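# Structural characterization, general
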Amino acid sequence: MAIFQPWNRGLRKTRKNVFSRIAQIFQNKTVLSDDMLEEIEALLIESDAGVETSQSLIDALKSHQFSSDTGSGQPEDQVMRFLKRTIQEMLKEDDPGSIRETARPLVMLVVGVNGSGKTTTIGKLAWNMKDSGRTVLVAGADTFRAAAGEQLDVWAKRAGVDCIRQTTGADPASVAFDALEAAVARGVDVLLVDTAGRLHNKVNLMEELKKISRVLGKRLPGAPHEIVLVLDATTGQNGLRQAEQFARAVGVTQVALTKLDGTARGGIVLAIKNTLGIPVKWAGVGEGIGDLLPFDAEAFAEGMLGEGKDG
Ligand SMILES: Nc1nc2c(ncn2[C@@H]2O[C@H](COP(=O)(O)OP(=O)(O)OP(=O)(O)O)[C@@H](O)[C@H]2O)c(=O)[nH]1
Ligand SMILES: [Mg+2]
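If you're wondering where the values come from, they're calculated on a predicted model, not measured in any experiment.

The rules behind each value
- Residues numbered from 1 in each chain as written.
- Chains lettered and ligands numbered in written order.
- Predicted model: local features only at pLDDT ≥ 70, side-chain atom pairs only at ≥ 80, totals over all residues.
- Pairing = 2+ DSSP bridges.
- Helix = DSSP H or I, 4+ residues; strand = E, 2+ residues; numbered from the N terminus.
- Axes fitted to C-alpha atoms, helices over the stretch in contact; angles between N-to-C directions.
- Contact = placed C-beta atoms within 7 Å.
- Near = placed C-beta within 6 Å.
- Nonpolar A, V, L, I, M, F, W, Y, C, P; charged D, E, K, R; others polar.
- Buried ≥ 20, exposed ≤ 12 C-beta atoms within 10 Å, placed from the backbone.
- Arc of directions from axis to C-beta.

## Looking at the sheet that holds strand 5 (residues 226-232)
Strands sit in the order 3-2-4-1-5-6-7-8 across an open sheet of eight strands; the sheet is mixed. Unpaired on one side and paired on the other, strand 3 (162-164) and strand 8 (292-294) mark the two borders of the sheet. Adjacent strand axes in the sheet meet at a mean angle of 25 degrees, parallel and antiparallel pairs treated alike. In this structure, strand 1 (residues 106-111) lies alongside strand 4 (residues 190-195), joined through five bridges in parallel fashion. Bridging from a neighbouring strand, Val107 pairs with Leu191 of strand 4. In the packing of helix 9 (residues 172-186) onto the sheet, the strands contacted are strand 1, strand 2 (136-141), strand 3 and strand 4, and the crossing angle to strand 2 comes to about 165 degrees.

Take a look at the structure:
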């Protein structure tokens, strides 16, 4: 089915490097022994699903009655099917990757450490939202890094939306404020605000993000309506600690997980959900404008544990 294909491609490394090894664990074996369970747990941990989540999946496997009836398939197929179903259950409330249409303009503040993929993700989000019939404006509140504004401009052009920005060194909160003024005046549906990933130090960064958030709320009560944390999947468990810091400082309502295509640690989606309780709403699976997928629990589980029909 069409929806599975980009997930199969995006999770190729996780599937091929980690979970395809489940079949090897089963070679010539017909019962699931404790040693085999331990090996499966090690694979889950290797995928960055986190120790607790891996343990709870193994407990679920242990207490599941597998059928010896040949009609139910090989034991490894039964285990794969069971894991797929359980993972899908764990993540299902997160899908579909959609936005709550509670306000107009809907203001989405995009935060994350430098290089995580904020600007790229804004370009992809703008494209995705425009494609679904919304009008979009993007704002360059990363005035710290030279050329950050130009980079956002390029993405805005690609997505076919307008971009509001100022020169490097301008006050980011006032860029955000002006952009929100413009968004209200033009009656656009969505305002996406890009922010810096690095300032002189982390405290400055968090204080600046809080200020941007406050200023947006002054202009439009309730804004920002979504605070999107962009996390680089290749940073694994380290990303979880970043997430905690951002969540404490500004509150995070959803995660956009980038670079899933570049890692075998796709299990991090489970750790984010189970340890932080923040839903992953978007997944980046490449550098192109169409490479942002609205999260889908079934397609995710299939991409991780399925046969991968992408070749
Ligand atoms: N393969 C892959 N690359 C990605 C993805 N998302 C972003 N990138 C790449 O990651 C790099 C950094 O992306 P940016 O969007 O500039 O990151 P940023 O968070 O805005 O960085 P700063 O503005 O410096 O804080 C770029 O080379 C992107 O092409 C993804 O989903 N997959
Ligand atoms: Mg950027």
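## Things to note about the site of ligand 1
Taken together, 22 residues are adjacent to ligand 1, and Gly117, Thr119, Thr120, Gly197 and Gly284 come closest. For the shell around ligand 1, the element with the most residues is helix 7 (residues 118-131), which contributes three residues. Its residues assigned to classes, the shell around ligand 1 comprises three nonpolar, 12 polar and seven charged.

## What about helix 2 (residues 12-19)?
Residues Thr14, Arg15, Val18 and Phe19 constitute the buried set of helix 2. Seen from one end, helix 2 has its buried residues packed into an arc of 105 degrees, which puts them on one side. Summarising the contacts, the buried residues of helix 2 are in contact with helix 3 (21-25), helix 4 (34-46) and helix 13 (297-305).

## Things to note about the environment of Thr253
Within the secondary structure, Thr253 sits in the loop between helix 11 (237-250) and strand 6 (254-258). Measuring from C-alpha to C-alpha, the distance between Thr253 and Val228 comes to 6.2 Å, with 25 residues separating the pair along the chain.

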